[in-house]
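A closer look at the structure
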Amino acid sequence: MRKPGFITLEGGEGAGKSTQVRLLAAAFSAAGLGLCTTREPGGSPGGEAIRGLVVNGAADKWHPVTESLLFMTARYDHLEAKINPALARGEWVLCDRFYDSTYVYQGVAKAVGTAWLDQLYAHLFGNQAPDLTLLLDLPPSVGLARTASRGNVDESRFESMGLEYHEQLRAGFHALATKYPERIHSIDATQSASHVHAAIVSAVNARFGLALIPQESA
Ligand code: T5A
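None of these values were measured; they are calculated from a predicted model.

Computed from the structure, the largest pocket encloses a volume of approximately 920 Å³. Lys17, Ser18, Asp96, Arg97 and Arg150 are, among the 41 residues lining the largest pocket, the residues nearest its centre. When contributions to the lining of the largest pocket are tallied by element, the ones reaching two or more residues are α1 (17-30), β2 (35-39), α3 (64-88), α4 (99-108), α6 (140-150) and α8 (193-208). Each pocket or cavity is described by its volume, and for the second largest pocket that value is around 250 Å³. If you trace the second largest pocket, you find 15 residues lining it, with Tyr99, Tyr121, Ala129, Tyr180 and Arg183 closest to the centre. Contributing elements (two or more residues each) for the lining of the second largest pocket: α4 and α5 (115-125). Classifying every residue of the lining of the second largest pocket gives nine nonpolar, three polar and three charged.

This is the structure in structure tokens:
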């Protein structure tokens, strides 16, 4: 039996990750492949409880180091309670955000530093890493306009952090994609959702030798 893959989606605010999770999940379902979809922060009951602490409230509510540790704590619970059991059952896992977000949002853009985060990650999780990361890349102004047009003020703590912060995020993701070219596949997320989906399906098929077919809607 083929070993299932661990796939993550990354990018700035409003890049279209949730939309693409739904579409890729439909493609896996059409192919008859078991897929566990999940998200960070969150995914497990413990992770979702921590999500409530970090995505709501004032931008300066947490010291950046405290915030980093909250994301890592949520991730430990999420891997233990949801991701690793799914992989052990032979399911594919598709996760909306993972450690690259901590590295970029806290390590780079909030300047807490990346070396100690990498050390903590290695201590907690060893060499476990996604097999493929799909980076949805777009100018922050475009992503923030998309989230603003949704008109939902819930969970908008990071969206409120200013354009300069979001430009640093994009630069941080670009640097990560350069550092890990084998793992991170960058996709132009200014395209229509169906074009982005087709690019994602193509990248997944190429990486894992699958024959997924792009779906019209999900
Ligand atoms: N965070 C997270 C950290 O700081 N550190 C960490 O370690 C982790 C894990 C999570 C926040 O936490 C931070 C990052 C985040 O700020 P979240 O709600 O999960 O909060 O935030 P996002 O991941 O940014 O999710 P969003 O829902 O805001 O954006 P998505 O999922 O990227 O975008 P989506 O699919 O909801 O689309 C946004 C809007 O755009 C439209 C959609 O219909 C929707 O209205 N859209 C498109 N429009 C035009 N063209 C396309 N191609 C489109 N695709 C979608």
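Quick look at the packing of aromatic side chains now. How two aromatic rings sit relative to each other is set out by the distance from centre to centre and by the angle between their planes. In the structure shown here, the tally under the stated rule is 12 aromatic pairs. Judged by centre distance (6.3 Å) and plane angle (75 degrees), the rings of tyrosine 99 and tyrosine 103 are edge-to-face. A residue pair is termed a helical-turn pair when its members lie 3 or 4 positions apart in one helix, as tyrosine 99 and tyrosine 103 do in helix α4 at four residues. The class for tyrosine 99 is buried, based on a relative accessible area of 9%.

Further remarks concern the environment of alanine 15. Position of alanine 15 among the secondary structure elements: in the loop between β1 (6-11) and α1. The exposure class assigned to alanine 15 is buried, which follows from its relative accessible area of 4%. Taking the C-alpha atoms as reference, alanine 15 lies 17 Å from threonine 38; in sequence the two are 23 residues apart. Among all residues touching alanine 15, those that are not within four sequence positions of it are Leu136, Leu138, Arg146 and Ala189.

Thresholds, definitions, all that
- Residues numbered from 1 in each chain as written.
- Predicted model: local features only at pLDDT ≥ 70, side-chain atom pairs only at ≥ 80, totals over all residues.
- Heavy atoms only, no water.
- 1 Å grid on protein atoms, 1.4 Å probe; cavity = no way out; pocket = protein on both sides within 12 Å on 5 of 7 lines; lining within 4 Å.
- Points joined across faces, edges and corners; volume = space filled by probe spheres on them.
- Helix = DSSP H or I, 4+ residues; strand = E, 2+ residues; numbered from the N terminus.
- Nonpolar A, V, L, I, M, F, W, Y, C, P; charged D, E, K, R; others polar.
- Phe/Tyr/Trp six-rings, centres within 6.5 Å; stacked < 30°, edge-to-face > 60°.
- Buried < 20%, exposed > 50% of the residue type's maximum accessible area, 1.4 Å probe, protein only.
- Contact = heavy atoms within 4.5 Å.

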